[in-house]
Amino acid sequence: MEKIEKFEKEFRSLSKLVEKQKLQAILEKKKDILFLNDRNLRCIDEGTPGGLHLAGSGVLVKDKNLINWDLFDGIYFHQECGAINFFIKENNLEENPDEFAEKFTKDLAKTYGKEFLGKINLKRPKHFHNALGIWICGLPGFDFSKEKSLPPGFIINPFIVKDLNYTLFEINLALNIIENNGFGKFLKDEKFYLWFINENPKRFEKNISSNLNLEIMKFNL
Ligand SMILES: [Zn+2]
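Residues numbered from 1 in each chain as written. Predicted model: local features only at pLDDT ≥ 70, side-chain atom pairs only at ≥ 80, totals over all residues.

## Comments concerning the overall build of the protein
Inclusion rule: Helix numbering and strand numbering both begin at the N terminus, where a helix is a DSSP run of H or I of at least 4 residues and a strand a DSSP run of E of at least 2. Radius of gyration means the value over C-alpha atoms here, while the globule rule gives 2.2 Å times the residue count to the 0.38 power. For the purpose of contact definition, each residue receives a C-beta atom placed from its backbone, and two residues are in contact when these atoms lie within 7 Å.
Regarding its fold elements, the protein presents 6 helices and 8 strands. Each helix (α) and strand (β) of the protein, taken in turn from the N terminus, gives the series α-α-β-β-β-α-α-β-β-β-α-α-β-β. For 221 residues, the compact-globule estimate of 2.2 N^0.38 gives 17 Å, and the C-alpha radius of gyration of the protein, at 17 Å, lies within 12% of that figure. Restricting the contact set of the protein to residue pairs at least 6 apart, pairs at least 24 apart contribute 66%.

Next up, the structure:
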């Protein structure tokens, strides 16, 4: 019980940041959140903001040639990766997830001629996802962590893989993680968000499946 209260308290303090007008005003004023500090690939995890994003650094993209490799300079991995865990389960592998993440990204960097950048440190609580939703961002990119008054969320870049079904898969995966390993596990009736930045929600909304109570917000910057 005490634990749930702790999560609830943290959730309330973060959810204060979510209000459409407030977000709109911040996003319009802080255009530097659209400019990325680096062009390196990392996970969609809310703990790895900045740069460019694919779940597990691309582990779940079946045809790696669908990835626009020209976008990236280097590749990171991170520990405790939900996408890597998903891949290991799907393929019935007997691998240590953190070791597998490192090996996979090292091989990927080598294959596509990118710099292997090693482990990126997670900017979220250990063993817990504190995302209040998902930032689904079109070009040029988006970095919520540059502005303290923006809520944490998974970050999805639909322009990296030219396959709508893959992006939908990433959205549903992130929602599943929020539901099973994040606030959604404890606070089922609360609202969670899909924040579309320079992206059309209509392309996606019909195929999103989640038990979470979702609200869509759209911003053109
Ligand atoms: Zn991850």
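That was the structure; now back to the text.
## Quick look at the sheet that holds strand E6 (residues 154-156)
Here is the rule: Strand pairing follows a simple DSSP-based rule, namely that at least 2 bridges must link the two strands. For helices, the fitted axis covers only the stretch in contact; all axes are lines through C-alpha atoms, and the angles between them, taken along N-to-C directions, range from 0 to 180 degrees.
With parallel pairing, 4 strands are arranged side by side in an open sheet as E6-E5-E7-E8. In the strand order of this sheet, the two ends are held by E6 and strand E8 (213-219), each with one partner. Taking the axes of each pair of neighbouring strands and ignoring which way they run, one obtains an average angle of 20° across the sheet. Judged from the 5 bridges that link them, strand E5 (residues 133-137) and strand E7 (residues 191-197) form a sheet pairing that is parallel. Bridging across to E7, Gly133 finds its partner in Tyr193. Across the sheet, helix H5 (residues 164-181) is in contact with E5, E6 and E7; its angle to E6 comes to roughly 175°.

## A look at the nonpolar core
What counts, and what does not: To form a nonpolar core, buried Ala, Val, Leu, Ile, Met, Phe, Trp, Tyr and Cys residues must be joined through C-beta atoms within 7 Å. Put plainly, a residue is buried at 20 or more neighbouring C-beta atoms within 10 Å of its own, exposed at 12 or fewer, and partly exposed in between, counting only other residues' C-beta atoms, which are placed from the backbone.
In terms of nonpolar packing, the biggest core is built from 53 residues, with Ile134, Trp135, Ile136 and Ala174 touching the most fellow members. For this core, the secondary-structure elements that each account for two or more residues are strand E3 (74-77), helix H3 (82-90), helix H4 (97-111), E5, E6, H5 and E7. The contact partners of Ile134, leaving out residues within four places of it in the chain, are Gly153, Phe154, Ile156, Ile171, Ala174, Leu194 and Trp195.

## Describing unusual backbone geometry
Here the amide bond leading from Leu139 into Pro140 is cis, since omega sits at 5°, within 30 degrees of zero. Residue position: Pro140 is located in the loop between E5 and E6. Located in the positive-phi region is Glu80, a residue other than glycine, with phi close to 60°. Secondary-structure assignment places Glu80 in the loop between E3 and H3. With 18 C-beta atoms packed within 10 Å, Glu80 lands in the partly exposed category.

## A look at the packing of H3 against H4
Rules: An angle below 35 degrees is treated as roughly parallel, one above 145 as roughly antiparallel, one from 65 to 115 as roughly perpendicular, and anything else as oblique. Side-chain classes are defined by residue name, with Ala, Val, Leu, Ile, Met, Phe, Trp, Tyr, Cys and Pro counting as nonpolar, Asp, Glu, Lys and Arg as charged, and the others, Gly among them, as polar.
Two elements in contact, H3 and H4, have axes whose closest approach is 10 Å; the angle formed by their N-to-C orientations is 95°. For the element pair H3 / H4, the angle class is roughly perpendicular. Between H3, through Ile84, Asn85 and Ile88, and H4, the contact on the second element is made entirely by Pro97, Phe100 and Ala101. Classifying every residue of the contact of H3 with H4 gives 5 nonpolar, 1 polar and no charged.

## Focus: the pairing of E5
Counting buried positions along E5 yields 5 of 5 residues, so the element is predominantly enclosed. Two strands pair when backbone bridges link them, and E5 and E6 are joined in this way by 3 bridges, in the parallel orientation. Each bridged residue has a counterpart across the sheet, and for Trp135 the counterpart in E6 is Ile155.

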